[in-house]
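# Structure at a glance
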Amino acid sequence: MFNDDILAKCPECGASDTALTAEQISCGSCGFTEAIVVDAQTQARLKQHVAKALNRPKARDVLQRWNFAG
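Reference entry: report on the structure contained in this document. (Residues numbered from 1 in each chain as written. Predicted model: local features only at pLDDT ≥ 70, side-chain atom pairs only at ≥ 80, totals over all residues. Heavy atoms only, no water.)

Counting its regular elements, the chain contains one helix and three strands. When the helices and strands of the chain are read in sequence order from the N terminus, they spell out β-β-β-α. When burial is assessed residue by residue, the chain has 10% of its 70 residues classed as buried. The long-range share in the chain, meaning contacts at least 24 apart out of those at least 6 apart in sequence, stands at 0%. Carbon and sulfur atoms make up 54% of the accessible area of the chain, which totals about 6,100 Å². (Helix = DSSP H or I, 4+ residues; strand = E, 2+ residues; numbered from the N terminus. Buried < 20%, exposed > 50% of the residue type's maximum accessible area, 1.4 Å probe, protein only. Contact = heavy atoms within 4.5 Å. Areas by Shrake-Rupley, 256 points an atom, 1.4 Å probe, with all protein chains shown as cover.)

Once that is clear, we can look at the state of the cysteines. By definition, a disulfide links two cysteine residues through a covalent bond between their sulfur atoms. A full pass over the atoms with the stated rule returns zero disulfides. Here C10 is not disulfide-linked; the sulfur of C30 is the nearest cysteine sulfur, at 3.7 Å. With no disulfide of its own, C13 lies 3.7 Å from the sulfur of C27, the closest cysteine sulfur. (Disulfide = S-S within 2.5 Å.)

Evaluated as defined, the whole model comprises one salt bridge. A salt bridge links D61 to R60; its shortest N-O distance comes to 3.7 Å. For D61, a relative accessible area of 35% translates into the label partly exposed. For R60, a relative accessible area of 45% corresponds to the partly exposed category. (Salt bridge = Lys/Arg side-chain N within 4 Å of Asp/Glu carboxyl O.)

A few words on the pairing of strand β2 (residues 24–27). The pairing of strand β1 (residues 18–20) with β2 spans three bridges and is classified as antiparallel. For L20, the partnering residue across the bridge sits in β2 and is I25. In this structure, the hairpin formed by β1 and β2 is closed by a connection of three residues. Sheet topology note: the β2/strand β3 (residues 33–35) ladder contains three bridges and is antiparallel. The residue of β3 that forms the bridge with S26 is T33. (Pairing = 2+ DSSP bridges.)

Turning next to the sheet that holds β3. Pairing is antiparallel in the open sheet, where three strands are placed in the order β1-β2-β3. At either end of the open sheet lies a strand with only one pairing partner, and these are β1 and β3. Neighbour to neighbour, the strand axes of the sheet diverge by 10 degrees on average, direction disregarded. (Axes fitted to C-alpha atoms, helices over the stretch in contact; angles between N-to-C directions.)

Right, dumping it as structure tokens:
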């Protein structure tokens, strides 16, 4: 968890000199960088899988709202 009043600590060197972007977190002291998001290829697979998982309850909700009995 990141809060404005709590500094992140580098897991490699323990320094609090960290920078956070939407894609990665990095340490200014030792240079260690770690990606926050998965790579594009993995994201594409996840989106397809997640889309399938999300479509089931959405379809159910729509059909229930329309009183579809089939």
